[in-house]
Amino acid sequence: MSKRSLLLLPGDGIGPEVMRQVRRVIDWYARKRGIEFAVEEGLVGGCSYDAHGTPLTDETMARALAVDAVLLAAVGGPKWDNLGFDKRPEAGLLRLRKEMQLFANLRPAKVFDALVDASTLKPDVVRGLDIMIVRELTGGVYFGEPRGITDLPNGERRGVNTQVYDTHEIHRVARVAFELARKRGNKVCSSEKGNVMESGLLWRQEVIALHKAEYQDVELSHMLADAAAMQLVRNPKQFDVIVTDNLFGDILSDEASMLTGSIGMLPSASLGATDANGKRKALYEPVHGSAPDIAGRDLANPIAMFLSFAMALRWSFDLQAEADILENAVENVLNTGLRTGDIMQPGMARVSTSVMADSILREMDKVAAV
Ligand code: NAD
């Protein structure tokens, strides 16, 4: 079997610090479990602009398209804030998402018992929470035509965006949600505004049709997006997988992630289509940014990056038991009371990026031995 291939894009700010620790985790799998990855590293964001005058070179783009999975840390920082839009660090990230055609964005919101008090919601509401938002990422109102701002004859101006979805766009993202649900709690809640938007009505009809044809074993429900926003803070544990469009997903996924109360803990995955060999284009990245305020000081929480790699193990390499080892090690270390600054609580022990990573790696030895 050919080696599993990974492209690491550490990016800017705390990116290189947390990626350095993930490299150690990747080495651990080779050393301790005989699971080898062919690892390449590249530049994206401000560091690529500094080196090459562009936030993503064509060569790096081509490598991203060639590997099994891309692992990105974070891009951006004040140094590059005044560049034109196409030179800004984020433009590198947007190009990756666009050219890899990553249409499904997966954002888990999981509350670790040890961090239940980090949420702004009552512990009873979020304890044990483990939900997944699947957001359509390449269509809908952010891309629909016509769009723009025009001058009107009466001296006013008009802003227009178009919410548009075709059947295949709905089916492919709903398919990801159903497949995911089968590996989790087997429930999908589809969310739209079918009561006031035709595109939402079509969304609901097409999800129902796909469910009937291929996924009747999965429990399917529907909820209007405004109600879903409310239920996410009222009783979030009723959900398993939520699938929704680009606009509502943008909002609901941010809302869901904040239920956990800790940005340094949140991973994400963006998936594209499967090729003839059943391989999907995939990009894994923490939800947090480059945190320039703490960069270079060994203060960053590496856990969001670790959990992003765990998602890669699960979704790109089908290494479920190996992903469990990493996730369980993270949970166990949190239970021992170690905390980076972002998740620090009274009575806990504050540690650096590298000490947190050391502890998780040691714990992986123990978890794997059981
Ligand atoms: P941010 O996520 O970088 O930081 C927000 C706050 O959370 C900061 O106080 C930071 O110190 C803290 N934080 C974030 N990640 C942390 C971690 N792993 N460990 C400990 N603390 C952590 O968001 P921001 O400050 O709004 O943006 C900073 C830069 O990052 C900007 O240039 C922005 O454009 C960029 N950004 C990039 C991405 C991405 O690469 N996907 C996402 C968001 C923001």
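Given the structure is predicted, the values throughout are model-derived calculations rather than measurements.

**Student:** Outline the overall build of the chain, supporting the account with residue identities and numerical values.
**Tutor:** Secondary structure summary: the chain contains 12 helices and 14 strands in total. The C-alpha radius of gyration of the chain comes to 21 Å, within 12% of the 21 Å expected for a compact globule of 370 residues. Its C-alpha atoms put the chain at 65 × 50 × 50 Å along the principal axes. Every one of the 370 residues in the chain was classed for burial, and the buried ones make up 52%. Long-range contacts, defined here as pairs at least 24 residues apart, represent 75% of the contacts in the chain between residues at least 6 apart.

**Student:** Talk me through the site of the ligand; I want residue IDs and the actual numbers.
**Tutor:** Around the ligand lies a shell of 20 residues, among which E90, G289, A291, D293 and N301 are the nearest. Take A291: an N or O atom from its main chain is 2.8 Å from an oxygen atom of the ligand. Interatomic distance of 2.8 Å between a side-chain N/O atom of D293 and an oxygen atom of the ligand. Relative to its free-state accessible area of 800 Å², the ligand is covered by the protein chains to the extent of 68%. For the shell around the ligand, a count of residues per class yields nine nonpolar, seven polar and four charged.

**Student:** Can you lay out the UniProt feature "binding site: substrate" (unreviewed entry) in the chain for me, pointing to particular residues and giving the numbers?
**Tutor:** Under the present numbering, the feature "binding site: substrate" (unreviewed entry) in UniProt falls on R97, R107, R135 and D226. A maximum C-alpha distance of 27.5 Å among these annotated residues, which run over 130 residues, shows that they spread across the structure rather than meeting at one spot. Lining residues of the largest pocket drawn from the annotated set just named are R97, R107 and R135. Mapped onto the elements, R97 comes out in helix α4 (residues 89-99). R97 has contacts with L102, L137, L283 and E285, leaving out every residue within four places of it along the chain. Looking at the secondary structure, you find R107 in strand β4 (residues 104-110). Residues contacting R107, with those up to four places away along its chain left out, are I131, M132, I133, S253, D254, S257, S268 and V287. In this structure the side chain of R107 is engaged in a polar contact, spanning 2.8 Å, whose partner is the side chain of D254.

**Student:** Residue-level account of the layout of surface pockets, with values.
**Tutor:** Of the voids in this model, the largest pocket is the one considered here, and its volume is about 860 Å³. L93, L94, R97, R135 and E285 are the residues nearest the centre of the largest pocket, which is lined by 39 residues in total. Looking at the lining of the largest pocket, the elements with two or more residues in it are β3 (69-74), α4, β4, α9 (246-258), β11 (267-274) and β12 (280-286). When residues in the lining of the largest pocket are grouped by element, the largest group, six residues, is from α4. For the lining of the largest pocket, the residue count by class is 18 nonpolar, 11 polar and 10 charged.

**Student:** I'd like to hear about helix α6 (residues 167-182), residue by residue, with values.
**Tutor:** Taking 1.5 Å as the rise per residue, α6 with 16 residues should run 22 Å; its terminal C-alpha atoms sit 22 Å apart, in good agreement. Inspection of α6 places E169, I170, H171, V173, A174, V176, A177, F178, L180 and A181 among the buried residues, and these make up the whole buried set.

**Student:** Provide a residue-level description of α9, including the pertinent values.
**Tutor:** Between its first and last C-alpha atoms α9 spans 18 Å; for 13 residues at 1.5 Å apiece the expected length is 18 Å, and the two agree. When we look at burial in α9, the residues that qualify are N246, F248, G249, L252, S253, E255, A256 and S257. Check the buried side of α9 and you find it contacts β4, β5 (130-136), β8 (187-192), α8 (225-234) and β10 (241-244). You can read the cap of α9 off the contacts: a side-chain oxygen lies 3.1 Å from the backbone nitrogen of L247, and it is on D245.

**Student:** So, the pairing of strand β6 (residues 144-151): which residues are in play, and what are the values?
**Tutor:** Two faces, one strand: in a regular strand the side chains alternate between the faces of the sheet. Across five bridges, the pairing between β6 and strand β7 (residues 157-162) is antiparallel. Across the sheet, the residue bridging to D151 is R157, located in β7. Hairpin connection, β6 to β7: the antiparallel pair is bridged by five residues, and G155 has positive phi, about 90°.

**Student:** Could you give me a rundown of the sheet that holds β10, with the residues and numbers involved?
**Tutor:** Read across the sheet, 10 strands follow the order β2-β1-β3-β12-β11-β4-β5-β10-β8-β9 without closing on themselves; strand pairing throughout is mixed. Two strands lie at the open edges of the sheet, namely β2 (37-41) and β9 (219-224), each paired on one side alone. For this sheet, the mean angle separating the axes of adjacent strands, direction not counted, is 20°. Bridge count for β11 against β12 is six bridges, and the pairing is antiparallel. Looking at the pairing, S268 lines up with E285 of β12. Across the sheet, α8 touches β5, β8, β9 and β10, and the angle it forms with β9 is around 100°.

**Student:** Could you give an account of the domain arrangement of the chain, naming the residues involved and the relevant values?
**Tutor:** Partitioning the chain into domains gives domain 1 (1-109 + 261-369) and domain 2 (120-259). The C-alpha centroid of domain 2 is placed 25 Å from the C-alpha centroid of domain 1. With 18 residues of domain 1 at the interface, the matching set in domain 2 holds 21 residues. Taking both sides of the interface into account, the surface hidden between domain 1 and domain 2 amounts to around 1,700 Å²; carbon and sulfur atoms contribute 62%. A salt bridge links D254 to R107; its shortest N-O distance comes to 2.8 Å. Between domain 1 and domain 2 we count eight residue pairs in polar contact (both at pLDDT 80 or more) in total. Of all the elements in the fold, those that place two or more residues in the side of domain 1 that touches domain 2 are β4, β11 and α10 (303-315).

Definitions and limits used
Residues numbered from 1 in each chain as written. Predicted model: local features only at pLDDT ≥ 70, side-chain atom pairs only at ≥ 80, totals over all residues. Heavy atoms only, no water. Helix = DSSP H or I, 4+ residues; strand = E, 2+ residues; numbered from the N terminus. Rg over C-alpha atoms; globule rule 2.2 N^0.38 Å. Buried < 20%, exposed > 50% of the residue type's maximum accessible area, 1.4 Å probe, protein only. Contact = heavy atoms within 4.5 Å. Near = heavy atom within 4 Å. Polar contact = N/O pair within 3.5 Å; in protein donor to acceptor, adjacent residues only side chain to side chain. Areas by Shrake-Rupley, 256 points an atom, 1.4 Å probe, with all protein chains shown as cover. Nonpolar A, V, L, I, M, F, W, Y, C, P; charged D, E, K, R; others polar. UniProt positions renumbered as here; feature names shortened; annotations may be inferred. 1 Å grid on protein atoms, 1.4 Å probe; cavity = no way out; pocket = protein on both sides within 12 Å on 5 of 7 lines; lining within 4 Å. Points joined across faces, edges and corners; volume = space filled by probe spheres on them. Expected span 1.5 Å × (residues − 1). Pairing = 2+ DSSP bridges. Axes fitted to C-alpha atoms, helices over the stretch in contact; angles between N-to-C directions. Domains from an automatic or database assignment. Buried area = accessible area lost by both parts, 1.4 Å probe. Salt bridge = Lys/Arg side-chain N within 4 Å of Asp/Glu carboxyl O.

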